[in-house]
Amino acid sequence: MAFGIVHFFPNGTQQQYDATLAAVHPDRSTLPKGQLYHAAGKSEGGWTAIAIHDSAESWEEFRNDILMPRLSKGIQGGFTTPPQEQSFEVYYEKQIRKGPEREAHI
């Protein structure tokens, strides 16, 4: 079953997100193994990132093997505090077909 993660970084900025993403997703043309979707943006009071994984296990593998080790080393220009995290089992999933006007944004 697909598994979702929502990270909210209070007072987080796009610059911090870009620095953090470069450290944990170094190949911006692909997603990490098991990750199906990733989106992020400015939200009230900070920055929010959402990821959908193919399973809770693939999320845990990414978190334990990539995300946390890199964050624990500190990322220059990255987020300075851990995020507020919510997770959920995905009940409903629908993929939106990419059109020419959307491809640049996804």
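Details of the structure are given in the entry above.
Residues numbered from 1 in each chain as written. Predicted model: local features only at pLDDT ≥ 70, side-chain atom pairs only at ≥ 80, totals over all residues. Heavy atoms only, no water.

### Description of the overall build of the protein
Phase 1 of the analysis: Of the regular secondary structure elements, the protein holds two helices and four strands.
Phase 2 of the analysis: Each helix and strand of the protein, ordered N terminal to C terminal, gives the series β-α-β-β-α-β.
Phase 3 of the analysis: Taking all 106 residues of the protein together, 34% fall into the buried category.
Phase 4 of the analysis: Contacts in the protein between residues far apart in sequence, at least 24 positions, make up 74% of those at least 6 positions apart.
Phase 5 of the analysis: Total accessible area computed for the protein in this model is approximately 7,500 Å², and 51% of it derives from carbon and sulfur atoms. (Helix = DSSP H or I, 4+ residues; strand = E, 2+ residues; numbered from the N terminus. Buried < 20%, exposed > 50% of the residue type's maximum accessible area, 1.4 Å probe, protein only. Contact = heavy atoms within 4.5 Å. Areas by Shrake-Rupley, 256 points an atom, 1.4 Å probe, with all protein chains shown as cover.)

### Details of the sheet that holds strand 4 (residues 84–89)
Phase 1 of the analysis: Spatially, four strands are ordered 2-3-1-4 in an open sheet, and the strand pairing comes out antiparallel. Among the strands making up the open sheet, the edge pair consists of strand 2 (35–43) and strand 4. For this sheet, the mean angle separating the axes of adjacent strands, direction not counted, is 15 degrees.
Phase 2 of the analysis: Two elements, strand 1 (residues 3–10) and strand 3 (residues 46–53), share eight bridges in a ladder whose sense is antiparallel. Across the sheet, residue Phe 8 finds its bridge partner in strand 3, namely Thr 48.
Phase 3 of the analysis: This element, helix 2 (residues 56–73), spans strand 1, strand 3 and strand 4 of the sheet and lies at about 40 degrees to strand 1. (Pairing = 2+ DSSP bridges. Axes fitted to C-alpha atoms, helices over the stretch in contact; angles between N-to-C directions.)

### What to know about the pairing of strand 2
The side chains of a regular strand alternate, first on one face of the sheet and then on the other.
Phase 1 of the analysis: Here strand 2 pairs with strand 3 via eight bridges, running antiparallel. From the neighbouring strand, Gly 41 faces strand 3, where its bridge partner is Thr 48.
Phase 2 of the analysis: Linking strand 2 to strand 3, which pair antiparallel, is a turn of two residues; within it Gly 45 sits at a positive phi near 85 degrees.

### Things to note about the nonpolar core
Phase 1 of the analysis: Core analysis: the largest hydrophobic core is formed by seven residues, namely Phe 3, Ile 5, Val 24, Ala 56, Trp 59, Phe 62 and Leu 67.
Phase 2 of the analysis: Among the secondary structure elements, those contributing two or more residues to this core are strand 1 and helix 2.
Phase 3 of the analysis: Broken down by element, this core gets its largest block of residues, four residues, from helix 2.
Phase 4 of the analysis: Apart from residues no more than four positions distant in its own chain, Ile 5 is found in contact with Ala 49, Ile 50, Ala 51, Trp 59, Glu 85, Gln 86, Ser 87 and Phe 88.
Phase 5 of the analysis: Counting residues in hydrophobic clusters, the runner-up holds six residues, among them Phe 9, Tyr 17, Ala 49 and Phe 79. (Core = buried A, V, L, I, M, F, W, Y, C linked by side-chain atoms within 4.5 Å.)

### Quick word on a nonpolar patch on the surface
Phase 1 of the analysis: A cluster of nonpolar side chains, Leu 36, Tyr 37 and Ile 50, forms an exposed patch at the surface whose accessible area comes to about 250 Å².
Phase 2 of the analysis: The residue Ile 50 is located in strand 3 in this model. (Patch = residues over 30% accessible without salt bridge, like charges linked within 9 Å, V, L, I, M, F, W, Y side chains within 5 Å. Salt bridge = Lys/Arg side-chain N within 4 Å of Asp/Glu carboxyl O.)

### Topic: unusual backbone geometry
Phase 1 of the analysis: Of note, Asn 11 is a non-glycine position whose phi angle comes to about 60 degrees, a positive value.
Phase 2 of the analysis: Note that Asn 11 resides in the loop between strand 1 and helix 1 (14–24).

### A short note on the packing of aromatic side chains
Phase 1 of the analysis: Under the counting rule described, the total for this entry stands at three aromatic pairs.
Phase 2 of the analysis: Aromatic side chains Phe 9 and Phe 79 sit 3.6 Å apart centroid to centroid with 5 degrees between the ring planes, which places their arrangement in the stacked category. Placement of Phe 9 in strand 1 and of Phe 79 in the loop between helix 2 and strand 4 is noted, with a sequence separation of 70 residues between them.
Phase 3 of the analysis: Ring centres 5.3 Å apart and planes at 35 degrees place the aromatic pair Tyr 17 and Trp 47 in the tilted group. Taken together, the positions of Tyr 17 in helix 1 and Trp 47 in strand 3 put the pair 30 residues apart, joining distant regions of the chain. Residues Tyr 17 and Trp 47 agree in their burial class; the two are buried. (Phe/Tyr/Trp six-rings, centres within 6.5 Å; stacked < 30°, edge-to-face > 60°.)

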